[in-house]
Amino acid sequence: MITSALRHRPESEDCFLYDADHLRLRLHTAKDDIASVTVIAGDPYWIFADASGQNIFKYTETKMTRIGQGETQDYWGVTLTAPYHRVQYQFVIEGLDGTKMLLGDRGLRADTEANRQELSNYFRVPYMHAIDAVQTPDWVKRTVWYQIFPERFANGDSNNDPVGTKPWRPEDHPGRDDFYGGDLQGVLDHLDDLQKLGVNGLYFCPIFAASSNHKYDTIDYLEIDPAFGDKALFAKLVKAAHKRGMKIMLDAVFNHMGYESMQWQDVLANGAQSRFADWFHINEFPVMPFRNPIKGEGQPQYETFAFEPHMPKLNTANPEVQDYLLTVAKYWVKEFDIDAWRLDVANEVDHHFWRRFYSAVTSIKTDFYVLGEVWHSSQPWLNGGEFSGVMNYAYTELTMDHFLTHKQTATQMVARLTDQLMLYRDQVNQVMLNMLDSHDTARLLTLAHDDQELALQTLAFIFTQTGAPCIYYGTEMGMDGDNDPDDRRPMDWSKLGGATWQSVAALIKLRRKYADTLGKGTTKLSVAPNGLIVVERVGEQKLTAYFNTTDAPVQLTTDAALAQGYAAGKLAPNGFVIKVD
Ligand code: CA
């Protein structure tokens, strides 16, 4: 047995309350090294004297199942209940070589009854406090998100068009600073279309006052950009969306402020005397002209997002800044009833601030969804009390690295995706945001080499995974586009109801129909001997999906063929079938 690979950490994603009564345990072992794992567990006070007067701990034994195989490790899992909400536990691990060991809080022991009675070697869950269980909003598990880049979705009101607005031509390759006049009225006008498509969560790129077309350079967090509409219109839009069962997520940029903001302008005007001088990370006055280190100009006078001088970084350790940003966060929830915040560059803002943020918004709406933009392992933010979930780039990029580029084999992808799922508690995985493209990347169809079937297959895979899928506007219209700004072309409404639209609508319908299983069920990924990728989701139903990412047709197993009404069908390259029991 490779004992150096054994790993378990209490009070982490390896040991967590799934809900008030269910404790989930995970154990990491070396890959293909272990024959079985049993957990011995019981109430720490469940101790009785035996006939000889010796105190004996009464434990029960429960077999763990191998819940996944990662790149270098196997994962074993079990769900325990405890009538008195207290548990102590150890693992009995049997290697394929016949070795049998106990793994507990103070290390490895030989598996003897005497060692099983060494109470100090038990891992402990002193009390299963429901209030300490990581809570994630249930509605997100049933949501298919739709990302709207407001400037390019639809122009519903030409009266608010910025000067120099270009005609709405979906075939255009937009320039970095072009305007096309999209606005909130345009979204309102098309809510019925979005409802027909089936999406039930709208994720808006920033809509607050800002000078650029993307609005990531916020001038005023408390105003809607006049080119998009006004507060009355936004309130109307939220109400109309809610009436249709759609949730609303807004994008908050709290890492930095726009150059044009009143606060930064005050710093520019008054230097060290500005009452906002401590709102930013300023090393030296005067702050301009900005020295850009990547241009070899030396240390910058103030800190910024990346090396963008027009995006000065906010000092979120300053209580005044905290109060201001929390006022903003609460304002849009209280006054406009939004359901979620997506937090831009969330990993570069301090944890202290996010804890205050989470507490502020969830005290208004208990099932509020807080989504962080983090591109790497995110455990520190996902232990409850900071973010509900993150944008799951690690997961979706690993998917694309197989489906779209074949940079990795199906087997590698499945192992790495399994490793990703094991980084977080199950209820957290269920509210990750799984998007294949966005306003920051080339469009899915372009990444799929303009092969619509391949794009759809990749999308279908994401729709069968744990985590809420998100579609970038225009995917359903079969739009392509390179990295930004080309991925931000005006929406092609001429394709509404077309073949691609129908395929995407069908996927959304399936995801929502089986929301309990696809949103909350268990997940098992594997590669069949014939090369098909197999996704098994078990919840209220059992759902099995097969994906052919090889370059030849693959004979379907009988079950899968029958499900599709084939007598002896073959699954073509780029094909997929989804079978529901
Ligand atoms: Ca307009």
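Rules used in this analysis
Residues numbered from 1 in each chain as written. Predicted model: local features only at pLDDT ≥ 70, side-chain atom pairs only at ≥ 80, totals over all residues. Heavy atoms only, no water. Helix = DSSP H or I, 4+ residues; strand = E, 2+ residues; numbered from the N terminus. Rg over C-alpha atoms; globule rule 2.2 N^0.38 Å. Buried < 20%, exposed > 50% of the residue type's maximum accessible area, 1.4 Å probe, protein only. Contact = heavy atoms within 4.5 Å. Domains from an automatic or database assignment. Core = buried A, V, L, I, M, F, W, Y, C linked by side-chain atoms within 4.5 Å. Pairing = 2+ DSSP bridges. Axes fitted to C-alpha atoms, helices over the stretch in contact; angles between N-to-C directions. 1 Å grid on protein atoms, 1.4 Å probe; cavity = no way out; pocket = protein on both sides within 12 Å on 5 of 7 lines; lining within 4 Å. Points joined across faces, edges and corners; volume = space filled by probe spheres on them. Nonpolar A, V, L, I, M, F, W, Y, C, P; charged D, E, K, R; others polar. Disulfide = S-S within 2.5 Å. Donors = N, O, S within 2.8 Å, 3.2 Å for Na, K, Ca; no water. Tetrahedral: all angles 85-135°; square planar, octahedral: opposite > 155°, others 65-115°. Salt bridge = Lys/Arg side-chain N within 4 Å of Asp/Glu carboxyl O. Patch = residues over 30% accessible without salt bridge, like charges linked within 9 Å, V, L, I, M, F, W, Y side chains within 5 Å. Areas by Shrake-Rupley, 256 points an atom, 1.4 Å probe, with all protein chains shown as cover. Left-handed = near helix turned anticlockwise from the far one by under 90°.

## Focus: the overall build of the protein chain
Part 1: Scanning the protein chain from N- to C-terminus turns up 16 helices and 28 strands.
Part 2: Relative to the globule expectation of 25 Å for 581 residues, the C-alpha radius of gyration of the protein chain, 26 Å, shows essentially globular dimensions.
Part 3: Seen along its three principal axes, the alpha-carbon backbone of the protein chain occupies a region of about 90 × 70 × 50 Å.
Part 4: For the protein chain, the proportion of its 581 residues judged to be buried stands at 57%.

## Structural notes on the side chain of D43
Part 1: As for its placement among the helices and strands, D43 is situated in the loop between β3 (34-42) and β4 (47-49).
Part 2: On the basis of relative accessibility, which here comes to 9%, the residue D43 falls in the buried class.
Part 3: With near-sequence residues (within four places) excluded, D43 lies in contact with F57, Y84 and R86.

## Looking at the domain arrangement of the protein chain
Part 1: By domain assignment, the protein chain separates into domain 1 (3-131), domain 2 (143-257 + 331-519), domain 3 (258-315) and domain 4 (522-580).
Part 2: Distance between the C-alpha centres of domain 1 and domain 4: 35 Å.

## Thoughts on the nonpolar core
Part 1: Counting 122 residues, the largest nonpolar core has Y146, F234, W341 and F357 as its most contacted members.
Part 2: Broken down by element, this core gets its largest block of residues, nine residues, from helix α7 (residues 319-336).
Part 3: Formed by 26 residues, the second largest nonpolar core is a distinct cluster that contains L23, L25, L80 and M128.

## Here we look at the sheet that holds strand β24 (residues 533-538)
Part 1: Strand order in the open sheet formed by four strands is β23-β24-β25-β28, with antiparallel pairing between adjacent strands. Strands at the two margins of the open sheet, each flanked by one partner only, are β23 (522-527) and β28 (576-580). Here the average twist between neighbouring strands, direction ignored, is 15°.

## Brief notes about the layout of surface pockets
Part 1: Computed from the structure, the largest pocket encloses a volume of approximately 810 Å³.
Part 2: Lining the largest pocket are 34 residues, with I67, G68, M422, T523 and K524 positioned closest to its centre.
Part 3: Of all the secondary structure elements, the ones that give two or more residues to the lining of the largest pocket are β2 (22-30), β7 (65-69), β8 (73-80), α10 (410-421), α11 (426-429), β23 and β24.
Part 4: By residue number, the principal contributor to the lining of the largest pocket is β23, which donates six residues.
Part 5: Taken together, the residues of the lining of the largest pocket sort by class into 11 nonpolar, 15 polar and eight charged.
Part 6: Its boundaries defined by the atoms lining it, the second largest pocket holds a volume of some 590 Å³.
Part 7: In terms of lining, the second largest pocket is formed by 24 residues, of which the most central are H214, Y216, F305, M311 and D440.

## Some words on the state of the cysteines
Part 1: A full pass over the atoms with the stated rule returns zero disulfides.
Part 2: No disulfide involves C470; its sulfur sits 9.4 Å from the nearest other cysteine sulfur, which is in C205.
Part 3: Taking relative accessible area as the criterion, C470 reaches 4% and is therefore assigned buried.

## Observations regarding the coordination of the calcium ion
Part 1: Distances from the calcium ion to its protein donors, N155 (OD1), D157 (O), N160 (OD1), D161 (OD), G181 (O) and D183 (OD), fall at 2.3 to 2.5 Å.
Part 2: Coordination at the calcium ion is irregular: its six donor atoms span angles of 64 to 164° at the metal.
Part 3: Summarised as a motif, the one-chain spacing of the donors to the calcium ion is N-x1-D-x2-N-D-x19-G-x1-D. Placement of the pair is D157 in the loop between α2 (150-153) and α3 (184-189) and D183 in the loop between α2 and α3, with a sequence separation of 26 residues.

## As for the pattern of salt bridges
Part 1: All told, the structure shown has 39 salt bridges when counted by the stated rule.
Part 2: Salt-bridge contacts for E223 lead to K231; the nearest nitrogen and oxygen are separated by 3.7 Å.
Part 3: Note on E223: relative accessible area 37%, which makes it partly exposed.
Part 4: A relative accessible area of 24% means that K231 is categorised as partly exposed.

## Concerning a nonpolar patch on the surface
Part 1: On the surface, W46, F48 and Y84 cluster together to form a nonpolar patch covering roughly 320 Å² of accessible area.
Part 2: Residue position: W46 is located in the loop between β3 and β4.

## So, the packing of helix α9 (residues 393-403) against helix α13 (residues 452-463)
Part 1: At a minimum axis separation of 11 Å, α9 and α13 run at an interaxial angle of 145°. Crossing hand, α9 versus α13: right-handed. Contact with α9, carried on its side by T396, T399 and F403, involves L454, Q457, T458, F461 and I462 of α13 and no other residues of that element.
Part 2: In the contact of α9 with α13, the residues fall into four nonpolar, four polar and no charged.

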